[in-house]
Amino acid sequence: YGTSSVNQEGHLTIGGVDATTLAETYGTPLFVYDVKDIRNRAHEFQEAFINQGVNYQIAYASKAFSCIAMVELADELGLSLDVCSSGELYTALQAGFPVERIHFHGNNKTPDELEMAVKEKIGCIVVDNFTELAWLMAITETNKTKMDVLIRITPGVEAHTHEYISTGQEDSKFGFDLNSGQAKKAIKMILSHSFLTLQGVHSHIGSQIFKAEGFQEAVKEIYRSLAAWKETLDYYPNVLNLGGGFGIRYGDQDHPLPLHVYIDYMVDKTKEEAAKLDMPVPEIWIEPGRALVGEAGTTLYSIGSRKDIPDIRTYISVDGGMTDNIRPALYQAEYEAVLANKANEENTEVVSIAGKCCESGDMLIWDISLPQTTQGDILAVFSTGAYGYSMANNYNRILRPAVVFVENGEHECVIERESFEDLVRHERRYSAVKGQNR
Ligand code: LLP
């Protein structure tokens, strides 16, 4: 995983840093990001587009993991940025991310959020539905500010992934339906509006996708509609945004394609379809989140209590769980792990890794082979870089972990661990309660 390896003491290293040193220095649970791995993946995507000779933008989907340092890194890597809330937009602005490369998503952007995006003059808004379109028209008129938009459509393509993270099917809360005439109607409305400029079409079929064919299907469906509309709608997109969703490896069950294969498939198909219509190849934009940061992240936990149920199971508990990684509970996601302080030792027992929340569903890994585990061992869970910290929560009033970036043997904290004071920071006493100690 990433640039992880094992040093002479038999300890796991990440980006050249001993994982046990990181655990000692910053405490656990701890998210560790191998920055080099993120850089490599960004370059892999960029090279694929350069080899294809098309204009492109790669927008990092910041929902996968957003913080000021990550946004700064995305900027340095020449990526654009996909935000899907005013909170992610605010983070991007705080990081000084160039506004013209920010794209705003979401199925329920509020008028306030739209106004913030318009006033900040971000690169484009991905229009999702008629309600939003009406608001956006009014806001751009009032502010006399032009705004580039993409129109999000649902191509009616199944992504063959978990249903919670599948978005391209017709029955979806996202985007305009291609076939019922809604997308066409929305395009006409945008084209005739003086403050909105329609840059292109957007489709996102889902997440953790291992087959490139789904992207080709989406391209095909979009072009099928463009061709069908030709008589009554004089429109051809400058930009085709095919979303994110490129799968990563969590464990042996996952077989992701090399990143360039996804790009080659989608660009080849677009070239083919554009040629059929005798039109130029549009700019191709993508929005990877997980594929950029997922495998770069490792979570370090300290092992605590042990419960042996004879002939049934051994539960090994760690000091985090569904508060820092809700994916096993929510999607039955599977992860691999090692003991960072015993990385060279042979596996001798099969155990199940439990989180510390008061909930039976808070299990991180079922039936994993590990060396003999004892309290104080450091468990390193791999591929936790996407939708781990970003979906972290304070259930049971557990503090959110710290986040560390490592690169070339150096380490640096980019998000501090939450404190007890943070937990009660926004709380007020209830004035009707009369206590003695008040
Ligand atoms: N673009 C759009 C419009 C999206 O909705 C998403 C993800 C992405 C890009 C990035 O997808 P990625 O490349 O990261 O797969 N919490 C779930 C994933 C939800 C994805 C939501 N949208 C998980 O932990 O698997």
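Residues numbered from 1 in each chain as written. Predicted model: local features only at pLDDT ≥ 70, side-chain atom pairs only at ≥ 80, totals over all residues.

The next thing to look at is the sheet that holds strand S1 (residues 5–6). Overall, antiparallel pairing links the three strands, which are arranged S1-S2-S3 in an open sheet. Looking along the sheet, the strands with just one partner apiece sit at the ends: S1 and strand S3 (17–18). As defined by bridge partners, strand S2 (residues 12–14) adjoins S3 across two bridges and the pair is classed as antiparallel. Each bridged residue has a counterpart across the sheet, and for Ile-14 the counterpart in S3 is Val-17. (Pairing = 2+ DSSP bridges. Helix = DSSP H or I, 4+ residues; strand = E, 2+ residues; numbered from the N terminus.)

Here Glu-24 is to be found in helix H1 (residues 19–26). Owing to 11 C-beta atoms within 10 Å, Glu-24 belongs among the exposed residues under this scheme. For the pair Glu-24 and Ile-378, spaced 354 residues apart in the sequence, the C-alpha separation amounts to 9.9 Å. (Buried ≥ 20, exposed ≤ 12 C-beta atoms within 10 Å, placed from the backbone.)

All right, on to the pairing of strand S19 (residues 378–382) then. Burial runs high along S19: five of the five residues are buried. Side chains Ile-378, Ala-380 and Phe-382 of S19 all project onto a buried face; the interleaved residues Leu-379 and Val-381 project onto the opposite face, where all are buried too. When strand S16 (residues 337–339) meets S19, the two strands line up antiparallel, connected through three bridges. Looking across to S19, one finds that Val-338 is bridged to Ala-380.

This part takes up the nonpolar core. In terms of nonpolar packing, the biggest core is built from 117 residues, with Leu-81, Val-149, Ile-151, Leu-300, Ile-353, Leu-379 and Ala-380 touching the most fellow members. Counting residues per element, this core draws most heavily on helix H2 (residues 35–52), which supplies six residues. There are two domains that each give this core at least three residues, and those are domain 1 (5–33 + 294–424) and domain 2 (35–291). For Leu-379, the contacting residues outside a window of four places in its chain are Tyr-301, Ile-303, Val-318, Ala-337, Leu-339 and Ile-353. (Core = buried A, V, L, I, M, F, W, Y, C linked by C-beta atoms within 7 Å. Domains from an automatic or database assignment. Contact = placed C-beta atoms within 7 Å.)

The share of residues in the chain with pLDDT of 70 or more is 96%, and the mean pLDDT across the chain is 95. If you check the scores for this complex, the pTM reads 0.96 and the ipTM reads 0.99. (pLDDT = per-residue confidence, 0-100.)

Time to look at the site of the ligand. Taken together, 22 residues form the shell around the ligand, and within it Ser-207, Gly-244, Gly-289, Arg-290 and Tyr-387 come nearest. Secondary structure elements with two or more residues in the shell around the ligand: helix H10 (290–293) and helix H11 (327–331). Residue classes in the shell around the ligand are distributed as nine nonpolar, eight polar and five charged. Among the domains, domain 1 (5–33 + 294–424) and domain 2 (35–291) are the pair contributing at least three residues each to the shell around the ligand. (Near = placed C-beta within 6 Å. Nonpolar A, V, L, I, M, F, W, Y, C, P; charged D, E, K, R; others polar.)

Along the chain, Thr-28 connects to Pro-29 via a cis peptide bond; the corresponding omega equals -10°. Mapping Pro-29 onto the fold places it in the loop between H1 and strand S4 (30–34). Phi at Asp-278 is positive, roughly 60°, even though this residue is not glycine. By the secondary structure assignment, Asp-278 is in the loop between helix H9 (259–277) and strand S13 (283–286). C-beta crowding within 10 Å serves as the criterion here: with 6 such atoms nearby, Asp-278 is assigned to the exposed category. Of note, the phi angle at Asp-367 is positive, near 50°, even though the residue is not glycine. Checked against the element boundaries, Asp-367 lands in strand S18 (residues 363–370).

What follows concerns the UniProt feature "modified residue: N6-(pyridoxal phosphate)lysine" (unreviewed entry) in the chain. Cross-referencing UniProt, the feature "modified residue: N6-(pyridoxal phosphate)lysine" (unreviewed entry) maps to Lys-63 in the present numbering. Mapped onto the fold, Lys-63 is located in the loop between strand S5 (56–61) and helix H3 (68–76). (UniProt positions renumbered as here; feature names shortened; annotations may be inferred.)

Time to look at the domain arrangement of the chain. Quoted interface sizes are often the accessible area lost when the parts come together. By domain assignment, the chain separates into domain 1 (5–33 + 294–424) and domain 2 (35–291). When contributions to the side of domain 1 that touches domain 2 are tallied by element, the ones reaching two or more residues are strand S20 (402–407) and strand S21 (410–415). In terms of residue class, the side of domain 1 that touches domain 2 is made up of 13 nonpolar, five polar and four charged.

A few words on helix H7 (residues 182–191). In an α-helix, one turn spans 3.6 residues, which is why side chains three or four residues apart end up on the same side. Every buried residue of H7 is listed here: Ala-183, Lys-184, Ala-186, Ile-187 and Ile-190. One side of H7 holds all its buried residues, which, seen down the axis, span an arc of 160°. Against the buried residues of H7 lie strand S8 (124–127), helix H6 (130–143), strand S9 (147–154), strand S10 (176–177), strand S11 (196–202) and helix H8 (213–229). (Arc of directions from axis to C-beta.)

Right, let's get into H3. Those residues of H3 that sit buried are Met-70, Val-71, Leu-73 and Ala-74. On an axial view of H3, the arc spanned by its buried residues comes to 160°, and they lie on one face. Buried positions along H3 lie against H2, S5, strand S6 (80–83) and helix H4 (86–94). Following H3 by one or two positions, Gly-78 has its phi on the positive side, about 80°.

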